[in-house]
Amino acid sequence: MKKIQIKTVKGFNEILPPESFRWRLVEDKFRDLLEGYGFAELRLALLEPTELFARSIGGETDIVEKEMYTFVDRSDRSLTLRPEATASVVRAYNQYSLGKISEINKLYYVGPMFRYERPQKGRYRQFHQLGAEVFGEESFYQDAETLVMLAQFFHALSVKGAVLHLNSLGCEACRPAFRDQLKNYLYERQEALCGDCRRRISENPLRALDCKNPQCREAAAGAPLISNALCDGCHQHFSGLCSLLDDVGLDYQVNPRLVRGLDYYTRTTFEFLAGDLGAQNAVAAGGRYDRLVEELGGKATPAFGFAIGFERLMMLIGSEVAPLSSPFVALVPLGEEALRLLFPIHVELNREAQMTTLGFQQKSLKSQLKKADKDGVTYALIVGPDELNQGEALCRNMRTKEQSRLPLNRLGEALRELLP
Ligand code: ATP
Ligand code: MG
């Protein structure tokens, strides 16, 4: 039979050991922090009706127009692998009437997202997000608390150089007039815009402010600013948020051009940008979306959320996450009889906590000690024919190289006594 090697679909990012251990440490930190702030986890479907994303993210956005993994299933339904999770969280919030269970709902999620983008460093077709959403709180205090929590997470992981960029996108009251102003500005400069931006002027002119095409950036440089068009309510919300961040000493930059690539945002939007990430410089992003719950069929409910790009976060923290805890003792049998004797001790100690390693292949002393060293154990416990005769195992401290002897008939206890 011809040998073929099957590989992953292009751009689908998988996490292998030892990276997967580092991921879990970071994920645990995220869970601990969020649960400390009163968030609870949602584990959601990865596949949704396509309509969910078309209606929430918006038809004239890059995600919906170009990046979704959409297909028709065997019953002719159009389904989509989720490109982001906020829409799904809102769908779940409505579907399970979570708003009836409590007035404020704080939910978080961790998992893969799928976007058909050009794969490159920090940009994949299957990537992962850590995210959270708060429902039922309109106050800018909520925006501030959530941003402080995010900054605290980055600080705990020693993420350096992530700068918070903030903007307000206004609301139903003030955004329409701003959109008209922007439309006029863009129509006058249509020739300079890329095809997407030109096509989107009438339906979604804000997209032009988010376009990465250098020509569009240049054309949009003198565009009217939303910050000058906010209504009183939006203005107060934004200045209230900024002054709370000032009070607690969280640095930020107001960036009136930050619009984000999704349509559902109202008022606060933000991104954490890190220069070290190069072109893929956003490590986390989010904002307020006070209309979405209602637009997806629920009761009007204000909401605020964010998503962190897991891959990009890991690029920023390098190897600074604490190393794995290693097993404590390598059991080193020399010969079948020693292996037989050590196996029950290995099982017994590992029932309590992963404490010992044991090789089953009867390798040489040298090769077993080399492996013990690589595993980072503190002790190697050697049992060969001599030790069996004398009824004592040889116990070597791998750091100090000191050796001692432990009685074979109470090895389990003796090893436990060595624990720090
Ligand atoms: P970008 O501008 O880099 O395309 P985005 O605005 O599309 O990002 P969001 O939809 O806000 O991204 O998703 C939140 C976070 O998820 C981003 O800040 C980023 O860290 C991460 N992210 C988004 N798309 C990808 C991807 N294709 N691969 C890896 N991480 C991604
Ligand atoms: Mg994108």
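Within any chain, residue numbers begin from 1 and follow the written order of that chain's sequence. Here chains are named by letter from A upward and ligands by number from 1 upward, in the order in which they appear as written. Thresholds applied to this predicted model are a pLDDT of at least 70 for local features of residues and 80 or more for the giving and counting of side-chain atom pairs; totals over whole chains, interfaces and linings are not thresholded and use all residues. In computing side-chain properties, one takes all heavy atoms of the structure into account and sets aside hydrogens as well as water.

1. Concerning the overall build of the chain
Stage number 1. Tallying secondary structure elements over the chain gives 17 helices and 16 strands in all.
Stage number 2. On C-alpha atoms alone, the chain measures out to a radius of gyration of 28 Å, which is more than a quarter above the 22 Å that the 2.2 N^0.38 rule sets for 420 residues.
Stage number 3. Projected onto the principal axes, the alpha-carbon positions of the chain cover approximately 95 × 65 × 45 Å.
Stage number 4. When the 420 residues of the chain are sorted by exposure, 50% land in the buried category.
Stage number 5. Taking contacts inside the chain between residues at least 6 apart in sequence as the whole, the part at least 24 apart equals 70%.
Stage number 6. Per-residue and other accessible areas were derived by the Shrake-Rupley procedure at a 1.4 Å probe size, with only the shown protein chains allowed to occlude residues. Put simply, the chain shows about 21,600 Å² of open surface, and 50% of that area lies on carbon and sulfur atoms. Every helix listed is a DSSP run of H or I at least four residues long, and every strand listed is a run of E at least two residues long, numbered separately from the N terminus. Put simply, the radius of gyration uses C-alpha atoms, and a globule should come to 2.2 Å times the residue count raised to 0.38. Note on exposure labels: buried denotes an accessible area under 20% of the residue type's maximum, exposed denotes more than 50%, and partly exposed covers the range between, all computed with a 1.4 Å probe on protein chains only. Here a residue-residue contact requires only that any non-hydrogen atoms of the pair lie within 4.5 Å.

2. Side note on the state of the cysteines
Stage number 1. Cysteine sulfur atoms are paired as a disulfide whenever they come within 2.5 Å of each other. In the structure shown here, the tally under the stated rule is 0 disulfides.
Stage number 2. With no disulfide of its own, Cys174 lies 3.6 Å from the sulfur of Cys231, the closest cysteine sulfur.
Stage number 3. Considering cysteine sulfurs only, Cys216 is the nearest to Cys194, which forms no disulfide, with 3.6 Å between them.

3. Let's talk about the pairing of strand E6 (residues 126-135)
Stage number 1. The element E6 is largely enclosed, with a buried count of 10 among its 10 residues.
Stage number 2. Residues of E6 alternate between two faces, with Gln126, His128, Leu130, Ala132 and Val134 on one and Phe127, Gln129, Gly131, Glu133 and Phe135 on the opposite face, all of them buried.
Stage number 3. Bridge count between E6 and strand E11 (residues 303-309): 7 bridges; the pairing is antiparallel. Note on E11: the bridge partner recorded for Glu133 is Gly305. A strand pair is defined by DSSP finding two or more bridges across the two strands.

4. Details of the site of ligand 1
Stage number 1. Any residue with at least one heavy atom within 4 Å of a molecule or strand is counted as near it. Among the 16 residues in the neighbourhood of ligand 1, the closest are listed as Arg115, Glu117, Arg123, Arg260 and Ala282.
Stage number 2. Arg312 has a polar side-chain atom sitting 2.9 Å from an oxygen atom of ligand 1.
Stage number 3. Bound to the protein, ligand 1 loses 92% of the 590 Å² it would expose on its own.
Stage number 4. Looking at the shell around ligand 1, the elements that each hand over two or more residues are E6, strand E10 (282-288) and E11. Under this definition, polar contacts are N or O atom pairs within 3.5 Å; protein pairs additionally need one hydrogen-donor-capable and one acceptor-capable atom, and for neighbouring residues in sequence, both atoms have to be side-chain atoms.

5. Brief notes about the packing of helix H1 (residues 19-36) against helix H13 (residues 310-317)
Stage number 1. Each axis is a line fitted through C-alpha atoms, and for a helix only the stretch in contact is used; angles between axes span 0 to 180 degrees, taken between their N-to-C directions. Relative to each other, H1 and H13 sit at 100 degrees, their axes nearing to 11 Å. Classified by the interaxial angle, the pair formed by H1 and H13 is roughly perpendicular. Across from Glu19, Arg22, Trp23, Val26 and Glu27 in H1, the residues of H13 making contact are Phe310, Glu311, Leu313, Met314 and Ile317.
Stage number 2. Looking at the contact of H1 with H13, its residues break down into 6 nonpolar, no polar and 4 charged. Working definition: roughly parallel below 35 degrees, roughly antiparallel above 145 degrees, roughly perpendicular at 65 to 115 degrees, and oblique for all remaining angles. Think of it as three bins: nonpolar holds Ala, Val, Leu, Ile, Met, Phe, Trp, Tyr, Cys and Pro, charged holds Asp, Glu, Lys and Arg, and polar takes everything else, Gly as well.

6. Considering the side chain of Asn13
Stage number 1. Looking at where Asn13 falls in the secondary structure, it is placed in the segment before H1.
Stage number 2. The contact partners of Asn13, leaving out residues within four places of it in the chain, are Tyr124, Gln126, His128 and Glu311.

7. Focus on the pairing of strand E14 (residues 379-383)
Stage number 1. Among the 5 residues that make up E14, 5 are buried, leaving the element largely enclosed by the rest of the structure.
Stage number 2. Of the two faces of E14, the one lined by Tyr379, Leu381 and Val383 and the one lined by Ala380 and Ile382 are each fully buried.
Stage number 3. Two strands pair when backbone bridges link them, and strand E12 (residues 329-333) and E14 are joined in this way by 5 bridges, in the parallel orientation. Of the residues in E14, the one forming a bridge with Val332 is Ile382.

8. Side note on the sheet that holds strand E3 (residues 69-72)
Stage number 1. Taken in spatial order, the 3 strands of this open sheet run E2-E4-E3, and their pairing is antiparallel. In this open sheet, the two strands that pair with only one neighbour each are strand E2 (47-49) and E3. Each strand of the sheet is rotated relative to its neighbour by a mean of 35 degrees, with strand direction disregarded.
Stage number 2. Pairing of E2 with strand E4 (residues 78-81) involves 3 bridges; the strand directions are antiparallel. Bridge assignment links Glu48 to a residue of E4, and that residue is Thr80.

9. Topic: the domain arrangement of the chain
Interface extent is often summarised as the accessible area lost during association of the parts.
Stage number 1. Domain annotation of the chain identifies domain 1 (19-172 + 230-316), domain 2 (175-226) and domain 3 (329-418).
Stage number 2. By convention here, the domain bounds are inherited from an automatic or database domain assignment. For domain 1 and domain 3, the distance between their C-alpha centroids amounts to 50 Å.

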